[in-house]
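# Results of the structural survey
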Amino acid sequence: EAEVAQSPRYKITEKSQAVAFWCDPISGHATLYWYRQILGQGPELLVQFQDESVVDDSQLPKDRFSAERLKGVDSTLKIQPAELGDSAMYLCASSLDASGNTIYFGEGSWLTVV
Amino acid sequence: SQQGEEDPQALSIQEGENATMNCSYKTSINNLQWYRQNSGRGLVHLILIRSNEREKHSGRLRVTLDTSKKSSSLLITASRAADTASYFCASSRRNTPLVFGKGTRLSVIA
């Protein structure tokens, strides 16, 4: 069964350092999402791509976060500089389109900022 | 901001019992979805119910939707220890991404 691939699975970084997460969605899925999930909370959308274009990044802290999906396939989420409050799980998900039907999640990347 | 709110926040039951979780949302929706998350893992889609449906079944899962009350419920029958997880509802509106609630943490004790 096709899966959304994410790496790294775990990352510990010092505050003020840069960190990057990578995601490879299910083949053929045009829509890609990055969610952030704080322990004990539900996922919150950071950014949504349709192919290579950003559709929604209203909740992305643009002073320190950036995301790209250059060829409309895999994607990178970067944080520079990392802050203690960025410690969370970063989840990538994909769907065939943005119609609001089922989305498929990767296993997530756990970030701890020390 | 999170659109959905699950209730209860945590639920502990014995194996074999039924588990019921509720979800409320704020605006009109196209569909409502339930996802499951095992500790430290990604979310897995369980079931989707459209706004014109009132009830849907999938195996041991039963979902209801009441659009007049803006609420949904997820029933897991004959629960097993392997059902221990967090369960999230997610509401979908046209051309907007899914918005997740805070989840219900279910513990099924063997």
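The structure we're discussing is the one just above.
Right, let's walk through the structure included here. Residue indices follow the written sequence of each chain, beginning from 1 at its first position. Written order decides the labels, with chains lettered from A and ligands numbered from 1. Thresholds applied to this predicted model are a pLDDT of at least 70 for local features of residues and 80 or more for the giving and counting of side-chain atom pairs; totals over whole chains, interfaces and linings are not thresholded and use all residues. As a rule here, side-chain values cover all heavy atoms of the structure and leave hydrogens and water aside.

## Quick notes on the interface of chain A and chain B
When checking whether two residues touch, look at their non-hydrogen atoms; a contact exists if any pair is within 4.5 Å. Counting from both sides, the interface comprises 24 residues of chain A and, opposite them, 20 residues of chain B. In short, buried area is how much 1.4 Å probe accessible area vanishes from two parts on joining, totalled over both. In total, about 1,700 Å² of surface goes out of reach between chain A and chain B, with carbon and sulfur atoms giving 46% of it. Only one rule defines a salt bridge in this text: a Lys or Arg side-chain nitrogen within 4 Å of an Asp or Glu carboxyl oxygen. Our count for the chain A to chain B interface comes out at one salt bridge. Of the charged contacts in the structure, one is a salt bridge between Glu107(A) and Arg41(B), with a shortest N-O distance of 2.8 Å. We call two N or O atoms a polar contact when they sit within 3.5 Å, provided that within protein one can donate a hydrogen and the other can accept it, with sequence-adjacent residues counted only if both atoms are side-chain atoms. Put simply, chain A and chain B have eight residue pairs in polar contact (both at pLDDT 80 or more) between them. Broken down by secondary-structure element, the contributors of at least two residues to the side of chain A that touches chain B are β4 (31–37), β5 (44–50) and β9 (88–95) of chain A. Charged residues are taken to be Asp, Glu, Lys and Arg, nonpolar residues to be Ala, Val, Leu, Ile, Met, Phe, Trp, Tyr, Cys and Pro, and polar residues to be all remaining types, Gly included. Taken together, the residues that form the side of chain A that touches chain B break down as 10 nonpolar, 10 polar and four charged. Here a helix means four or more residues in a row that DSSP labels H or I, a strand means two or more in a row labelled E, and each is numbered from the N terminus.

## Examining the state of the cysteines
As used in these notes, a disulfide is a covalent bond between sulfur atoms, one from each of two cysteines. All names here are of chain B. Note on disulfides: each one is a pair of cysteine sulfur atoms within 2.5 Å. Counted by the stated rule, this structure contains two disulfides over all chains. Paired through a disulfide, Cys23 and Cys89 show a sulfur-sulfur distance of 2.0 Å. Measuring the twist about the S-S bond at about 70°, one finds the Cys23-Cys89 disulfide to be right-handed. Of this pair, Cys23 sits in strand β3 (residues 19–24) while Cys89 is found in strand β9 (residues 85–92), placing the two residues 66 residues apart along the sequence.

## Looking at the packing of aromatic side chains
Pairing of aromatic rings covers Phe, Tyr and the six-membered ring of Trp, with a centre-to-centre limit of 6.5 Å; geometry is then stacked below 30 degrees between planes, edge-to-face above 60, and tilted otherwise. Inspection of the entire model under this criterion finds eight aromatic pairs over all chains. Where Tyr33(A) meets Tyr35(A), the ring centres are 6.1 Å apart and the plane angle is 35°; that geometry is what we call tilted. Owing to a relative accessible area of 4%, Tyr33(A) belongs among the buried residues under this scheme. Ring geometry for Tyr35(A) versus Phe100(B): centroids 5.5 Å apart, planes at 90°, classification edge-to-face. Here Tyr35(A), found in strand β4, pairs with Phe100(B), found in strand β10 (residues 99–100), and the two come from separate chains. Only protein chains enter the accessibility calculation, which uses a 1.4 Å probe; a residue is then buried when its area is under 20% of its type maximum, exposed when over 50%, and partly exposed in between. A residue is classified by how much of its surface remains accessible, and Phe100(B), at 0% relative accessible area, is buried. Site record: aromatic cluster; members linked through ring pairs are Tyr33(A), Tyr35(A), Phe105(A), Tyr35(B) and Phe100(B).

## Some words on unusual backbone geometry
Apart from glycine, the bulk of residues carry a negative phi angle, and the bulk of peptide bonds sit in the trans form. The peptide bond linking Ser7(A) to Pro8(A) adopts the cis configuration, its omega dihedral lying at -5°. Structurally, Pro8(A) can be placed in the loop between β1 (5–7) and β2 (10–13). Look at the link from Asp7(B) to Pro8(B): it is a cis peptide, with omega at 0°. Structurally, Pro8(B) is set in the loop between β1 (5–7) and β2 (10–14). Even without being glycine, Asp51(A) reaches a positive phi, approximately 55°. Here Asp51(A) lies in the loop between β5 and β6 (53–56). Since its relative accessible area comes to 35%, Asp51(A) is described here as partly exposed.

## Digging into the environment of Ala10(B)
Along the chain, Ala10(B) turns up in strand β2. For the pair Ala10(B) and Tyr87(B), spaced 77 residues apart in sequence, the C-alpha to C-alpha distance is 9.9 Å.

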